[in-house]
Amino acid sequence: APARDDRVNAILGLRNLENKNVIPALIAMLKDPEVQVRQVAHFALRNLTGQSIQLTSTASPAESARVADQWRAWLRKEGPGYRPVHQPPCRDW
């Protein structure tokens, strides 16, 4: 689906900025209706932050929302001093 692919590409573009200001947008994408988009957003968050918060590969919207809450809690706690993890650009997730 072109719209889904556009959202996936937007997520990867945000991730590649390596800027903590993109984290809230990535967290918001965990509410996307498409499971693939939610997975890519979660992958990008893990890749950017180095955190090991888990999301199953078939995560329901409810599970994704719970994981988004975990990311928001992490951001509240760690956000002020957080520095993005420098990684090679993520192309294959």
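Rules and cut-offs
- Residues numbered from 1 in each chain as written.
- Predicted model: local features only at pLDDT ≥ 70, side-chain atom pairs only at ≥ 80, totals over all residues.
- Heavy atoms only, no water.
- Helix = DSSP H or I, 4+ residues; strand = E, 2+ residues; numbered from the N terminus.
- Buried < 20%, exposed > 50% of the residue type's maximum accessible area, 1.4 Å probe, protein only.
- Salt bridge = Lys/Arg side-chain N within 4 Å of Asp/Glu carboxyl O.
- Contact = heavy atoms within 4.5 Å.
- Polar contact = N/O pair within 3.5 Å; in protein donor to acceptor, adjacent residues only side chain to side chain.
- Expected span 1.5 Å × (residues − 1).
- Lys, Arg positive; Asp, Glu negative; His and termini not counted.

*Asks:* An account of unusual backbone geometry is requested, with residue identities and associated values reported.
*Replies:* Backbone geometry at Glu 18 places phi at a positive 50°, although glycine is not the residue there. Turning to its location among the elements, Glu 18 is positioned in the loop between α1 (2-16) and α2 (23-28). Overall, Glu 18 belongs to the partly exposed group, its relative accessible area being 25%.

*Asks:* Can you tell me about the pattern of salt bridges, naming the residues and giving the values?
*Replies:* Enumeration according to the criterion identifies five salt bridges in this entry. In this structure, Asp 5 engages Arg 4 in a salt bridge whose closest nitrogen and oxygen atoms are separated by 3.6 Å. Residue classification places Arg 4 among the partly exposed residues on the basis of a relative accessible area of 21%. In this structure, Lys 77 and Glu 78 form a salt bridge, with 3.9 Å as the shortest nitrogen-oxygen distance.

*Asks:* Pulling in residues and values, what's your account of the environment of Val 37?
*Replies:* Examined against the element boundaries, Val 37 turns out to sit in helix α3 (residues 35-49). Residue classification places Val 37 among the buried positions, given a relative accessible area of 0%. Separated by 26 residues in sequence, Val 37 and Ile 11 place their C-alpha atoms 8.3 Å apart. Not counting the four nearest positions on each side in its chain, Val 37 is found in contact with Arg 4, Arg 7, Val 8, Ile 11, Met 29 and Asp 32.

*Asks:* Provide a residue-level description of the side chain of Asn 47, including the pertinent values.
*Replies:* Positionally, Asn 47 belongs in helix α3. Residue Asn 47 is classed as buried on the basis of its relative accessible area, which comes to 14%. For Asn 47, the side chain forms a polar contact with the side chain of Arg 15, separated by 2.3 Å.

*Asks:* Just give me the short version of α3, but keep the residues and values in it.
*Replies:* Every α-helix carries 3.6 residues per turn, so stepping three or four residues along brings you back to the same face. Taking 1.5 Å per residue as the helical rise, α3 with its 15 residues ought to reach 21 Å, and the 21 Å between its terminal C-alpha atoms agrees with that figure. Taken across its 15 residues, α3 has eleven buried, putting it largely inside the fold. Among the residues of α3, those classed as buried are Val 37, Arg 38, Gln 39, Val 40, Ala 41, His 42, Ala 44, Leu 45, Asn 47, Leu 48 and Thr 49. The inward-facing, buried residues of α3 contact α1, α2 and α4 (61-78).

*Asks:* Report on the side chain of Glu 63, specifying residues and quantitative values.
*Replies:* Residue placement: Glu 63 occurs in helix α4. Within the buried core, Glu 63 has no salt-bridge partner, and the shortest N-O distance to an opposite charge, that of Arg 66, equals 5.2 Å. The residues touching Glu 63, leaving out its near neighbours within four places in the chain, are Leu 55 and Thr 56.

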